[in-house]
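Coordinate inspection notes
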Amino acid sequence: MNKLIIVGGSGFLGNAIAKHFVNTFKDIVILTRGASETKNGIRYTSWDAKSVGSWAKEFDNCDVLINMVGRSVDCRYTKKNKSLILSSRVDATKVLGEVLLKSEKPPKIWLNSSTATIYRHSLDLQMDEISGEIGNGFSVEVAKAWEKTFFASPLKNTRKIALRTSIVLGKNGGALVPLKKLAQIGFGGKQGNGNQFFSWIHITDFLRSIDFIIKTENIEGPINIVAPQPCTNAYLMEKIRKSISIGFGIPLSEKILKIGALCIQTETELILKSRNVIPGRLLNKGFEFQYPTIEKALNDLNTTS
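Let me begin by describing the structure that accompanies this report. (Residues numbered from 1 in each chain as written. Predicted model: local features only at pLDDT ≥ 70, side-chain atom pairs only at ≥ 80, totals over all residues. Heavy atoms only, no water.)

1. Things to note about the overall build of the chain
Applied cut-off: Helix numbers and strand numbers start at the N terminus; a helix is a DSSP run of H or I with at least 4 residues, a strand a run of E with at least 2. When we talk radius of gyration, it's over C-alpha atoms, and the globule rule is simply 2.2 Å times the number of residues to the 0.38. A simple rule labels every residue: compare its accessible area, found with a 1.4 Å probe on the protein chains alone, to the largest value its type can have, and call it buried under 20%, exposed over 50%, or partly exposed in between. The criterion used for residue contact is that any of the two residues' heavy atoms lie within 4.5 Å. Note on areas: these come from Shrake-Rupley sampling with a 1.4 Å probe, and a residue is covered only by the protein chains present in the view. Charged residues are defined narrowly, with Lys and Arg counted positive, Asp and Glu counted negative, and His plus the chain ends left uncounted. A charge is said to be at NZ when it belongs to Lys, at CZ for Arg, at CG for Asp and at CD for Glu.
Helices and strands together make up the secondary structure of the chain, namely ten helices and twelve strands. For 305 residues, the compact-globule formula gives about 19 Å, and the C-alpha radius of gyration of the chain, at 19 Å, lands near that figure. Counting only C-alpha atoms, the chain reaches 60 × 45 × 40 Å along its principal axes. Counting all 305 residues of the chain, 53% fall into the buried class. Taking the contacts inside the chain whose residues are at least 6 apart along the sequence as the reference set, 76% of them involve residues at least 24 apart. Only carbon and sulfur atoms are counted for the fraction: they give 52% of the accessible area of the chain, which is about 14,600 Å². A distance of 4 Å separates the average location of the 41 positive side-chain charges in the chain from that of its 27 negative side-chain charges.

Below is the structure:
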């Protein structure tokens, strides 16, 4: 394929996507709030994520668009931060849709970031794309508005995918890094009551799933980008401790977590919400996970190679 555009490609996942596809596409362009430059064979083009500018011409011959824009939710949910979290996602998605509607040759496929947290807190039902129950609260309302804006653009010749991505685990990024640090200093016990489910995906399977979606022409709409076996928080922390040879971890009660979250300016929802999500559509289309279990994922991510 000729051209891939990654929007918001300077973060953990965006960089991983660019690196993964560097030999697949002749031209990779990353839209960024930073300066326009070319680095390691990738062109970075400046944009403001909310208004049409000179960057729009990049879409004239684009094959694949992947939009990863969204302000981090790792913050306190103040009125200001809530507004920024919502607007960063909706505004960028909206302006991309406006540009593609005017494009003479829009991308064949548009993958837009979403989140597996769109489903309700669930200790019982596993959530797939068909029977999963949409939740409520701030994070869910953001996800709903994000997807509504995305699917509102009537692009007849562009296949659209909402990537309902779970927590991505990587060696040098994602949630695993701070969880390992907690375990290493002795606080690797369960968090809250430990019964909440943790939906996750290994970075390699995250990238492989995007590759699979691009190549599978009869798949579109919302897709859960999660490993097939969610685990409880208690089980996760046990396996993290085992993977780094630490025998015991002090548990963190919900009260302690709330105090800690306040101190580091974040929210306990990131830890305490039960995300019990499974990849129904990926499995139905024949996608095979390289790391289907948390044990296999941690074993790989904790190697030194």
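Picking up where we left off.
2. Observations concerning the state of the cysteines
What counts, and what does not: To count as a disulfide, a pair of cysteine sulfur atoms needs to be within 2.5 Å.
For the structure on display, the rule yields zero disulfides. Counting only cysteine sulfurs, Cys263 is the nearest neighbor of Cys75, a cysteine outside any disulfide, at a range of 16 Å. Judged by its relative accessible area of 8%, Cys75 is buried.

3. Here's the deal with unusual backbone geometry
Trans is the common state for peptide bonds, and a negative phi is the common state for residues other than glycine. Here the phi dihedral of Ala49 falls at roughly 70 degrees; this positive angle occurs in a residue that is not glycine. Positive phi, normally seen in glycine, also occurs at Ser245, with a value near 60 degrees. With respect to the element layout, Ser245 can be found in the loop between helix 6 (233-243) and helix 7 (254-263).

4. Here we look at the sheet that holds strand 3 (residues 37-39)
Rule in force here: Pairing between strands is defined by DSSP: at least two bridges between the two strands are required. To get an axis, a line is fitted to the C-alpha atoms, and for a helix only the part in contact is used. The angle between two axes follows their N-to-C directions and goes from 0 to 180 degrees.
Taken together, the eight strands give an open sheet; going across it, the order is 3-4-2-1-5-6-7-11, and neighbouring strands pair in mixed fashion. For this open sheet the edge positions go to strand 3 and strand 11 (221-225), each flanked by a neighbour on one side alone. When the angles between neighbouring strand axes are averaged without regard to direction, this sheet yields 20 degrees. With four bridges joining them, strand 2 (residues 27-32) and strand 4 (residues 42-46) adopt parallel strand pairing. When the bridges of strand 4 are listed, Val29 appears paired with Arg43. On top of the sheet, helix 3 (residues 138-152) reaches strand 6 (109-115), strand 7 (159-165) and strand 11; it is set at about 170 degrees to strand 7, its chief contact. Across the sheet, helix 5 (residues 203-215) lies against strand 5 (64-67), strand 6, strand 7 and strand 11, angled at about 160 degrees from strand 7, the strand it touches most.

5. Focus: the layout of surface pockets
Quick note on the threshold: The definitions used throughout rest on a 1 Å grid laid over the protein atoms alone, on which a cavity is an enclosed set of points accommodating a 1.4 Å probe that cannot get out and a pocket is an open set flanked by protein within 12 Å on both sides along at least five of seven lines; lining residues are those having an atom within 4 Å of a point. Grid points are joined across faces, edges and corners, and a volume is the space filled by probe spheres set on the points.
Its boundaries defined by the atoms lining it, the second largest pocket holds a volume of some 380 Å³. Along its surface, the second largest pocket is lined by 14 residues, and Phe12, Ala16, Lys19, Ile203 and Leu207 are the ones closest to its centre. Counting only elements with at least two residues in the lining of the second largest pocket, the list comes to helix 1 (12-20) and helix 5. Looking at which element gives the most residues to the lining of the second largest pocket, the answer is helix 1, with five residues.

6. Here's the deal with a nonpolar patch on the surface
Rules: Each patch is built from residues lacking any salt bridge and having more than 30% relative accessible area; the joining distance is 9 Å for like charges and 5 Å for nonpolar side chains (Val, Leu, Ile, Met, Phe, Trp, Tyr). A pair is scored as a salt bridge if a Lys or Arg side-chain nitrogen falls within 4 Å of a carboxyl oxygen belonging to Asp or Glu.
Taken together, Ile185, Phe187, Phe248 and Ile250 make up a surface patch of nonpolar side chains, about 410 Å² in accessible area. With respect to the helices and strands, the residue Phe187 is situated in the loop between helix 4 (176-184) and strand 9 (197-198).

7. Re the packing of helix 4 against helix 6
Put simply, the rule reads: Note on angle classes: values under 35 degrees are labelled roughly parallel, values over 145 roughly antiparallel, values of 65 to 115 roughly perpendicular, and the remainder oblique.
Put simply, helix 4 and helix 6 touch, their axes get as near as 10 Å, and they point 70 degrees apart. Between helix 4 and helix 6, the interaxial angle falls into the category roughly perpendicular. Along its contact with helix 4, which presents Leu176, Leu179, Lys180 and Ala183, the element helix 6 presents Leu236, Met237, Ile240 and Arg241.

8. Quick look at the pairing of strand 1 (residues 3-7)
Burial within strand 1 is extensive, with five of its five residues counted as buried. Taking every second residue as pointing to the same face, both faces of strand 1 are buried, with Lys3, Ile5 and Val7 on one and Leu4 and Ile6 on the other. The pairing of strand 1 with strand 2 spans five bridges and is parallel. Residue pairing in the sheet places Ile5 in a bridge with Val29 of strand 2.

9. Points about the packing of helix 1 against helix 5
For the record, the criterion: Should the near helix be turned counterclockwise from the far one by less than a right angle, the crossing is left-handed, whereas a clockwise turn marks it as right-handed. Residues are sorted three ways: Asp, Glu, Lys and Arg are charged, Ala, Val, Leu, Ile, Met, Phe, Trp, Tyr, Cys and Pro are nonpolar, and all the rest, Gly among them, are polar.
With their axes 10 Å apart at the nearest point, helix 1 and helix 5 run at an angle of 60 degrees to one another. For the element pair helix 1 / helix 5, the angle class is oblique. The handedness of the crossing between helix 1 and helix 5 comes out as right-handed. Together, Phe12, Leu13, Ala16, Ile17 and His20 of helix 1 and Ile203, Phe206, Leu207, Ile210 and Asp211 of helix 5 make up the contact between the two elements. For the contact of helix 1 with helix 5, the per-class residue count stands at eight nonpolar, one polar and one charged.

10. Focus on the pattern of salt bridges
Per the stated rule, a full pass over the model turns up 13 salt bridges. Two residues, Arg208 and Asp205, come together in a salt bridge whose shortest N-O distance is 2.7 Å. Remark: Asp205 and Arg208 occur in helix 5; sequence separation between them is three residues, near one turn of the helix. Note on Asp205: relative accessible area 0%, which makes it buried. Look at the salt bridges and you will find they share partners, linking Lys3, Asp27, Arg43 and Glu58 into a network.

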